[in-house]
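The primary structure of each chain is shown beneath.
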Amino acid sequence: FPSHEDYTRYALWFIAIFIYAYFNINIHMHESYVYAGSLERFFDMREGHLEASPWLLNYQPFGNYHPCHPLLHLLVELVQNGLKIVGIGLNAIQLLTTFNTLAGLGAAFVFYKILSLFNSNKLFISLCVFVLMFSDVYWFASKTGESYVPAQLFNFLSTYLILS
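A brief look at the structure comes next. Counting starts from 1 at the beginning of each chain's written sequence and moves along it residue by residue. At least 70 in pLDDT is required for a residue's local features to be given in this predicted model, at least 80 for side-chain atom pairs to be given and counted, and no such filter applies to totals for whole chains, interfaces and linings, which use all residues. Side-chain metrics in this entry use all non-hydrogen atoms of the structure; hydrogen atoms and water are not considered.

### Comments concerning the packing of aromatic side chains
Link 1 in the chain: Side-chain rings of Phe, Tyr and Trp, where Trp is taken by its six-membered ring, are said to pair if the distance between their centres is within 6.5 Å; with planes under 30 degrees apart they count as stacked, over 60 as edge-to-face, and otherwise as tilted. For the structure shown, the criterion picks out eight aromatic pairs.
Link 2 in the chain: Geometrically, the ring pair formed by Phe 18 and Tyr 22 is tilted, given 4.9 Å between the ring centres and 40° between the ring planes. With Phe 18 and Tyr 22 both in helix α1 (residues 4-22) and four residues apart, the pair spans about one turn of that helix.
Link 3 in the chain: Arranged with centres 4.8 Å apart and planes meeting at 85°, the rings of Tyr 20 and Trp 139 form a pair that is edge-to-face. Residue Tyr 20 is located in helix α1, and its partner Trp 139 is located in helix α7 (residues 136-143); the two are separated by 119 residues in the primary sequence. We count a stretch as a helix when DSSP gives it H or I for four or more residues in a row; a strand needs E for two or more, and each element gets its number in order from the N terminus.

### Topic: the nonpolar core
Link 1 in the chain: Core analysis: the biggest nonpolar cluster contains 20 residues, and Trp 13, Tyr 20, Val 129, Met 133, Tyr 138 and Phe 156 have the highest contact counts within it.
Link 2 in the chain: Secondary-structure elements contributing two or more residues to this core are α1, α5 (92-116), α6 (122-133), α7 and α8 (148-163).
Link 3 in the chain: Examining the composition of this core, we find that eight residues originate from one element, α5, more than from any other.
Link 4 in the chain: Each nonpolar core is a collection of buried residues, namely Ala, Val, Leu, Ile, Met, Phe, Trp, Tyr and Cys, held together in the definition by side-chain atoms within 4.5 Å. Relative accessibility decides the category of a residue: with a 1.4 Å probe and only protein chains considered, values under 20% of the type maximum give buried, values over 50% give exposed, and everything between is partly exposed. Grouped together as the second largest cluster of nonpolar side chains are ten residues, Ala 36, Leu 39, Ala 92 and Leu 96 included.

### Some details on helix α4 (residues 70-85)
Link 1 in the chain: Residue count minus one, scaled by 1.5 Å, sets the expected span of a helix. Over its 16 residues, α4 runs 23 Å from end to end, which matches the ideal 22 Å to within 8%, given 1.5 Å per residue.
Link 2 in the chain: Among the residues of α4, Leu 72, His 73, Val 76, Glu 77 and Gln 80 are the ones counted as buried. Seen from one end, α4 has its buried residues packed into an arc of 125°, which puts them on one side. Exposed and oriented more than 90 degrees from the buried face of α4 are Leu 71, Leu 78 and Ile 85.
Link 3 in the chain: At the exit of α4 stands Gly 87, carrying a positive phi of roughly 90°. For this quantity, the arc is that covered by the directions from the helix axis to the C-beta atoms.

### Section: the environment of Phe 124
Link 1 in the chain: With respect to the element layout, Phe 124 can be found in helix α6.
Link 2 in the chain: A C-alpha to C-alpha distance of 9.1 Å links Phe 124 and Arg 9, two positions 115 residues apart in sequence.

### Looking at the packing of α5 against α8
Link 1 in the chain: Interaxial angle, 0 to 180 degrees, is taken between N-to-C directions of lines fitted to C-alpha atoms, where a helix line uses only the stretch in contact. Running from N to C, α5 and α8 point in directions that differ by 25°, and their axes come no closer than 8 Å. Taken together, the axes of α5 and α8 are roughly parallel relative to one another. The handedness of the crossing between α5 and α8 comes out as left-handed. Contacts from Phe 99, Asn 100, Ala 103, Gly 104, Gly 106, Ala 107, Val 110, Phe 111, Lys 113 and Ile 114 of α5 reach α8 at Val 149, Pro 150, Gln 152, Leu 153, Phe 156, Leu 157, Thr 159, Tyr 160 and Leu 163.
Link 2 in the chain: Gly is placed with the polar residues, together with every amino acid not listed as nonpolar (Ala, Val, Leu, Ile, Met, Phe, Trp, Tyr, Cys and Pro) or charged (Asp, Glu, Lys and Arg). Here the contact of α5 with α8 is built from residues that sort into 13 nonpolar, five polar and one charged. Each angle receives one of four descriptions, namely roughly parallel if under 35 degrees, roughly antiparallel if over 145, roughly perpendicular if within 65 to 115, and oblique otherwise. Handedness of a crossing is defined here by the sense of rotation of the near helix relative to the far one, left-handed for an anticlockwise turn of less than a right angle and right-handed for a clockwise turn. Residues count as neighbours in contact if any of their non-hydrogen atoms are within 4.5 Å of one another.

### Some remarks on the side chain of Arg 9
Link 1 in the chain: Residue position: Arg 9 is located in helix α1.
Link 2 in the chain: N or O atoms closer than or at 3.5 Å make up a polar contact, with two conditions inside protein: a donor-capable atom paired with an acceptor-capable one, and, for residues adjacent in sequence, both atoms drawn from side chains. At 2.9 Å, the side chain of Arg 9 forms a polar contact with the side chain of Asp 6.
Link 3 in the chain: Setting aside chain neighbours within four positions, we find Arg 9 in contact with Tyr 112, Lys 122, Leu 123 and Ser 126.

What follows is the structure, given as structure tokens:
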């Protein structure tokens, strides 16, 4: 049977996932809107983002995909088109933030797995993961339309696979 510590850990994880799923922020940096606008085909990424990032001029044309994040844009566009097929129409900013929220939760889980390689106290490990999850930078990146948290998920996953 699960112990009292297990029930406490399960309750904490439930609360953390609930908070991540239902409490969003509506303040985004300009990149979130640029990415969403390019996915919605409001403008060509190279022209719309050129003033803020003049280095884009030296990249090969990717059309509406950011030259540094083409895979993120492709995945979000594929999900957006797939959802349209089944009748769910979400705009690009909603999809980007949802994708990042799921990536943030996934990265937190992989971080939990990494810490469990070094410590057997699951409640302590969960608390360490929550410190990461609810830090200002990680929370903000998980709830906006930028590409930092999917990269963090990849980094944590790579680290876990190397260590295990």
